[in-house]
Amino acid sequence: MGANIEGGIAGSFMTTNKKVIYPEYKALNVGGKYIGELRGMWRMENGLMAGPFVCHIRLDEVNKRVVFAEGFCYAPNDNQRLLIRNLEAALYTLKLPSDNMMSEIEITLDE
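Notes on the structure in this doc start here. Starting from 1, residues in each chain are numbered consecutively following that chain's sequence as written. pLDDT decides what is reported in this predicted model: residues at 70 or higher carry local features, side-chain atom pairs at 80 or more are listed and counted, and totals for whole chains, interfaces and linings draw on all residues regardless. For the side-chain quantities, the full set of heavy atoms in the structure was used; hydrogens and water were omitted.

Concerning the overall build of the protein
- Elements are defined by DSSP. Helices are runs of H or I of four residues or more, strands are runs of E of two residues or more, and each kind is numbered from the N terminus. Helix and strand content of the protein: 1 helix and 5 strands.
- Put simply, the protein runs from its N terminus to its C terminus through helices and strands in the order β-β-β-β-β-α.
- With a 1.4 Å probe rolled over the protein chains alone, any residue whose accessible area is under 20% of its type maximum counts as buried; one over 50% counts as exposed, and the rest are partly exposed. By the burial criterion, 29% of the 111 residues in the protein qualify as buried.
- Contact between two residues is taken to exist if any of their heavy atoms lie within 4.5 Å; hydrogens are not considered. Summarising the internal contacts of the protein: among those between residues at least 6 apart in sequence, 41% fall at separations of at least 24.
- Here the Shrake-Rupley method, with its probe set to 1.4 Å, supplies the accessible areas, and only the displayed protein chains count as covering residues. With an accessible surface of roughly 8,000 Å², the protein has 54% of that area assigned to carbon and sulfur atoms.

Here is the structure:
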């Protein structure tokens, strides 16, 4: 995370917080597709922010790549559980080119 998410203070960056709770990995099967789910806590190295995160790891078979879709929550005065559940819902709707989109389209013919 540190290479991609910098903090507002020079030299600060996001990292996984393994001191509070070690990240938990779970293998899921959603719609016949394998999804790796990683959840835990993040914190800002050399900064003051922290919060929960959830990550879905998927295989994009069409483009031959592994896709990491992550959601981070920073809301010190709000219900973080509800916010992280909303992030999870968004991750479950992720569609990759290898997903069969036709199964979700209902076609009706006017007679």
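Observations concerning the pattern of salt bridges
- For salt bridges, the criterion is a side-chain nitrogen of Lys or Arg within 4 Å of an Asp or Glu carboxyl oxygen. In this structure the tally under the stated criterion is 6 salt bridges.
- Glu88 serves as the salt-bridge partner of Arg39, at 2.1 Å between the closest nitrogen and oxygen. In this pair, Arg39 is assigned in strand E3 (residues 33-45) and Glu88 in helix H1 (residues 80-92), connecting sequence segments 49 residues apart.
- The exposure class of Arg39 is partly exposed, given its relative accessible area of 23%.
- A relative accessible area of 7% means that Glu88 is categorised as buried.

Quick word on the environment of Gly36
- When you line up the elements, Gly36 lands in strand E3.
- Taking the C-alpha atoms as reference points, Gly36 and Tyr25, 11 residues apart in sequence, are found 7.1 Å from one another.
- With sequence-adjacent residues up to four places away left out, Gly36 is seen in contact with Tyr25, Lys26, Cys55, His56 and Ile57.

Re unusual backbone geometry
- Unlike most non-glycine residues, Lys64 shows phi in positive territory, near 50°.
- Classification of Lys64 as exposed rests on a relative accessible area of 73%.

Some words on the packing of aromatic side chains
- Each pair of aromatic rings taken from Phe, Tyr and Trp, with Trp reduced to its six-membered ring, is defined by centres within 6.5 Å and is described as stacked if the planes are under 30 degrees apart, edge-to-face if over 60, and tilted in the remaining cases. One pass over the structure, following the stated rule, counts 3 aromatic pairs.
- Linked through ring pairs, Trp42, Phe53, Phe72 and Tyr74 together constitute an aromatic cluster.

Let's talk about a nonpolar patch on the surface
- Together, Leu59, Val66 and Phe68 make up a nonpolar patch on the protein surface, roughly 320 Å² of accessible area in all.
- Looking at the secondary structure, you find Phe68 in strand E5 (residues 65-72). Here the term patch refers to residues with relative accessible area over 30% and no salt bridge, with like charges joined within 9 Å and nonpolar side chains (Val, Leu, Ile, Met, Phe, Trp, Tyr) within 5 Å.

Quick word on the side chain of Glu37
- Turning to its location among the elements, Glu37 is positioned in strand E3.
- When its relative accessible area of 2% is taken as the criterion, Glu37 is described as buried.
- Throughout this description, a polar contact denotes any pair of N or O atoms lying within 3.5 Å of each other; where both atoms belong to protein, one of them has to be capable of donating a hydrogen while the other can accept it, and for residues adjacent in sequence the pair is counted only when both atoms sit in side chains. Of the polar contacts made by the side chain of Glu37, one reaches the side chain of Arg39; its length is 3.3 Å.
- Within the local environment of Glu37, its side chain forms a polar contact with the side chain of His56, the two groups lying 3.2 Å apart.
- Residue contacts for Glu37: discarding those within four places in its chain leaves Glu24, Tyr25, Lys26, Leu28, Val54, Cys55, His56, Glu88 and Tyr92.

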